Amino acid sequence: MSITFGRFSNQPAEFGKFGFQKLNWHAVIIAPNLKSISAIVPALRRGVEMPYEELNKESLLWMYETMVTIRRFEEQSRREADAGKLRGMHSSIGQEAVPTGICAHLNEKDYVLGTHRSHHHCIAKGLDINEMMAELLGKSTGTGKGKGGTMHIADINKGMLGANGVVGSNIPVATGVALTAKVKGTDQVSVVFFGDGASSQGVLHESMNLAGIWKLPVIFVCENNRYAEATPFEYSVAGGSVANRADGYGIPGVTIDGQSALDVFEVSKEAVSRARMGEGPTLIEAQTYRYQGHFGADDPLGYRSKEEQEYYMSRDCILMLQKHILDGAYANETQLAAIDMKCIEAVNTATEFANNSPFPDPKELITDVYVTY
Amino acid sequence: MTQAQTVRQISFIQAINEALRQEMHRDPDVIVMGEDIAGGGEREDFQDAWGGPMRLTKGLVNDFGRLRVRDTPISEAGFVGAGVGAAASGLRPVVDLMYVSFYGVCADQITNNAAKMHYMFGGKVKVPLTIMTGIGAGTNSAAQHSETLYSIFTHFPGLKCVVPSNPYNAKGLMAAAIRDDDPVIVFNNRQLMGLRFEDNVPEESYTVEIGKSELKTQGEDITLLGIGYTTRVCMEAAALLEERGYSVEVLDLLSLSPMDEDAILSSVKKTRKIVIVDEDYPRCSIATDISALVAEEAFDYLDAPPKRVTPPHTQVPYSRPLEALFVPTKEKVLAAALEVLE
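None of these values were measured; they are calculated from a predicted model.

**As for the sheet that holds strand E8 (residues 222-226) of chain B**
Residue and element names in this part refer to chain B. Taken together, the 5 strands give an open sheet; going across it, the order is E7-E9-E8-E11-E12, and neighbouring strands pair in mixed fashion. The sheet is open, and its two borders are formed by strand E7 (214-217) and strand E12 (307-309), each paired with just one other strand. Across the sheet, the mean angle from the axis of one strand to that of its neighbour is 25°, orientation sign disregarded. Pairing geometry for E8 and strand E9 (residues 248-252), over 5 bridges, is parallel. Paired with Gly-226 across the bridge in E9 is Asp-252. Sheet contacts for helix H12 (residues 286-297): E8, strand E11 (274-277) and E12; angle to E11, the most-contacted strand, approximately 160°.

**Quick look at the interface of chain B and chain A**
Counting residues at the interface gives 46 residues for chain B, matched by 41 residues for chain A. Carbon and sulfur atoms make up 62% of the area that chain B and chain A hide from each other, which totals about 3500 Å². Considering only the surface of chain B that becomes buried against chain A, Tyr-119, Met-120 and Phe-121 of chain B emerge as the three largest contributors, covering 18% of it. At the junction of chain B and chain A, the tally comes to 1 salt bridge. Across the salt bridge formed by Asp-29 of chain B and Lys-184 of chain A, the nearest N and O atoms sit 2.9 Å from each other. Of all the secondary-structure elements, those providing two or more residues to the side of chain B that touches chain A are strand E1 (30-34), strand E2 (69-71), helix H4 (76-88), helix H5 (107-114) and helix H6 (117-120) of chain B. Tallied by class, residues from the side of chain B that touches chain A come to 20 nonpolar, 15 polar and 11 charged.

**Let's talk about unusual backbone geometry**
Residues and elements named next belong to chain B. Omega for the bond connecting Ser-257 with Pro-258 falls within 30 degrees of zero, at 0°, which places this linkage in the cis form. Relative to the helices and strands, Pro-258 resides in the loop between strand E10 (255-257) and helix H11 (261-271). With a phi angle near 65°, Arg-55 is a residue other than glycine that sits in the positive phi range. Tracing the backbone shows Arg-55 in the loop between E1 and helix H3 (60-64).

**Comments concerning the packing of H11 of chain B against H12 of chain B**
Residues and elements named next belong to chain B. At a minimum axis distance of 10 Å, the contact between H11 and H12 shows a crossing angle of 60°. Between H11 and H12, the angle is such that the two are oblique. Taken as a pair, H11 and H12 cross one another with a handedness that is right-handed. Across the interface between the two elements, Glu-261, Ile-264, Leu-265, Val-268 and Lys-269 from H11 touch Ile-290, Leu-293, Val-294 and Glu-297 from H12. Taken together, the residues of the contact of H11 with H12 sort by class into 6 nonpolar, no polar and 3 charged.

**Structural notes on the pairing of strand E3 (residues 218-224) of chain A**
Residues and elements named next belong to chain A. Burial analysis of E3 places 7 of its 7 residues in the buried class, the great majority of the element. Side-chain alternation along E3 places Val-218, Phe-220, Cys-222 and Asn-224 on one buried face and Ile-219, Val-221 and Glu-223 on a second face that is also buried. As for the winding sense of the linkage, the β-α-β connection from strand E2 (residues 190-195) through helix H7 (residues 202-214) to E3 is right-handed. With 6 bridges connecting them, E3 and strand E7 (residues 282-287) associate as parallel partners. Looking at the pairing, Cys-222 lines up with Glu-285 of E7.

**So, the pairing of strand E4 (residues 130-135) of chain B**
Successive residues of a regular strand alternate their side chains across the two faces of the sheet. All names here are of chain B. With 6 of 6 residues buried, E4 is to be regarded as a mostly interior element. Burial along E4 is two-sided: Thr-130, Met-132 and Gly-134 facing one way and Ile-131, Thr-133 and Ile-135 facing the other are all buried. Two elements, strand E3 (residues 92-99) and E4, share 5 bridges in a ladder whose sense is parallel. Residue pairing in the sheet places Tyr-99 in a bridge with Gly-134 of E4. Two elements, E4 and strand E6 (residues 184-189), share 6 bridges in a ladder whose sense is parallel. What sits directly across from Thr-133, in E6, is Phe-187.

**Overview of the pattern of salt bridges**
The tally for this structure, following the rule as stated, stands at 33 salt bridges over all chains. A salt bridge links Arg-21 of chain B to Asp-63 of chain B; the shortest N-O distance between them is 2.8 Å. Residue Arg-21 of chain B is located in helix H2 (residues 12-26), and its partner Asp-63 of chain B is located in helix H3; the two are separated by 42 residues in the primary sequence. For Asp-63 of chain B, a relative accessible area of 43% gives the class partly exposed. Each of Lys-145, Lys-147, Lys-363, Glu-364 and Asp-368 of chain A takes part in a single network of salt bridges with overlapping partners.

**Digging into helix H11 (residues 317-327) of chain A**
Residues and elements named next belong to chain A. Of all the positions in H11, only Cys-317, Ile-318, Met-320, Leu-321 and Ile-325 are classed as buried. What you see down the axis of H11 is that its buried residues fit within an arc of 165°, all on one side. In H11, the exposed positions angled more than 90 degrees off the buried face are occupied by Leu-319 and Asp-327. Summarising the contacts, the buried residues of H11 are in contact with helix H2 (57-82), helix H3 (97-103), strand E6 (253-257), helix H9 (261-276) and helix H12 (333-356).

**Points about the domain arrangement of chain B**
All names here are of chain B. When the domains of chain B are assigned, the result is domain 1 (7-193) and domain 2 (214-341). Each partner contributes to the interface: domain 1 provides 28 residues, whereas domain 2 provides 28 residues. Ranking the residues of domain 1 by area buried against domain 2 places Asn-140, Tyr-150 and Val-163 at the top, with a combined share of 26%. On the surface where domain 1 and domain 2 come into contact, there are 0 salt bridges. Taken together, the connections running from domain 1 to domain 2 amount to 18 residue pairs in polar contact (both at pLDDT 80 or more). Broken down by secondary-structure element, the contributors of at least two residues to the side of domain 1 that touches domain 2 are helix H7 (150-154), strand E5 (160-162), helix H8 (167-179) and helix H9 (190-193).

About the criteria used
- Residues numbered from 1 in each chain as written.
- Chains lettered and ligands numbered in written order.
- Predicted model: local features only at pLDDT ≥ 70, side-chain atom pairs only at ≥ 80, totals over all residues.
- Heavy atoms only, no water.
- Pairing = 2+ DSSP bridges.
- Helix = DSSP H or I, 4+ residues; strand = E, 2+ residues; numbered from the N terminus.
- Axes fitted to C-alpha atoms, helices over the stretch in contact; angles between N-to-C directions.
- Contact = heavy atoms within 4.5 Å.
- Buried area = accessible area lost by both parts, 1.4 Å probe.
- Salt bridge = Lys/Arg side-chain N within 4 Å of Asp/Glu carboxyl O.
- Nonpolar A, V, L, I, M, F, W, Y, C, P; charged D, E, K, R; others polar.
- Parallel < 35°, antiparallel > 145°, perpendicular 65-115°, else oblique.
- Left-handed = near helix turned anticlockwise from the far one by under 90°.
- Buried < 20%, exposed > 50% of the residue type's maximum accessible area, 1.4 Å probe, protein only.
- Right-handed = clockwise from strand over helix to strand, strands pointing away.
- Arc of directions from axis to C-beta.
- Domains from an automatic or database assignment.
- Polar contact = N/O pair within 3.5 Å; in protein donor to acceptor, adjacent residues only side chain to side chain.

In structure tokens, the structure reads:
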């Protein structure tokens, strides 16, 4: 079965579907032709409950609340970092739509694996932000009892098998998680996020090959935020496309507008369906933008222009979703303001919880190294 | 019934094969994967073409099918990493890393993921992964297919490392590794693989406890400490020393992490002398580590400084006469022991 969708082609790009202006990416974005995808891959789901099936009021407001929570959480994380309470805070501001649109289709039994920049993956997967903030501050009440920190947040009960501080390192791990689903015969899906920098790591290619020959239910999601630390995408990615690399492994690769939660939602719905149906892996390259520096203390204006930043920030994913919600009358401004306030209060609660929590007991230095030893 | 009839002798390879088969029967979550683990990929007419490069997995695909016995591409970072993910999400994978030297292309998955996930995630994620890998010189395989390298993995908190020395403990340690909830690396010496030993290997399933050494012979004058293949060398040297009237204690370490420090110290406190025989490179090695342990913890009991017998700080050579100079031999152990004794 040969499935191709959303690949780079010479067809004119279909922009403006949701009223957004044409982008000036170095690589051309092809907005996916959603109808044709649906025609190729009928949404058979073997009775599996996907939390959000369709774009409607419920799913749109869930995405909005999730994305605003991420934004407020990251702003507060930055304040905590600036106050000297944590180091190496990799902010995901600007990239909220990507994990949100995908996790809308995942349940708690599905797995997500992340990167060094993974707070947004964790929140979108439903992790408790109190425990997350506590982990950032190294407190005993954190997701990993304060032993992992900002780059190693995990909660297996929520299907978050961990952020990972080594670029690309989680890609084969996620492939193995998908192998478990295949061997056990479940319809679980494994989603791994990585950046454009990780697309140059050999393990992506090894994993796409393995997932390709074994038809594993894994979704490779490249958050192309244009920068591998301080090195721009157009310098480090030969061929100018991550999605195109799927071609070599016989799996679908699609490039989407990662600033559009709606595009992410629709495309990932098909990718998740494919995985659940046993049709194998999908590679999604979501074009997005990191608003802040790589880790906070660096000034991104050292390697990119103010004009570029302003351009991408003008396509803010939260504002775009907000506009769609208001234009479609799914909610009014008062209702959205109430959600905003709820998110701020939740982050305030998390901050208070984290700051008031104790540091780990000294004995925790040498516990949890092994299950038994 | 004579004693000869009660002793069941099988080879090291058969012992590991038997452990894998029994564990796969016992637990449907056990899977095996690696290069040519069956051989022949999915070609119906050529199923089980190899049964593993060392024949360790021969016949498994016929018994358990391709879902659980998986030929992989030559892609160690990919499939060792997949083993980590499979382990963390509910399987008990056994991954074959054909030669330990190939760790160089998948080290990140072993040391950054398998070893660290349990700790980093606050003890809430388990990684019951078993990696089995071939080690050792003496097979005319040159520098990239002859290393030992277990000291590298012993260095990492979070990993367990075991080194069987005969078919009995090869079978028991493999079963124990698979049932263990932590990542365990089983280092199988290739010089031992084809050999049968006098030891009885029960047909039924059993485990050998990880972290425990075995006292092969009890003696009063000197302790010879062996690891895997060098335990055999120690036994040969012990026979030579017994001929000269010495009473020799041979300790088979079996497990490097955890390490049976109590057994090492109690033996050396009794014999007051120790020769540590290790096939790994000499710098930052297990032999060096044990030497330091003995010096720090049993100094007052020693009649002579701890002595190490290791290869020189060099590569494993291809040429057979040169390679014979690399691996510790009974003659070298004898000479070292006599130096310590006299």
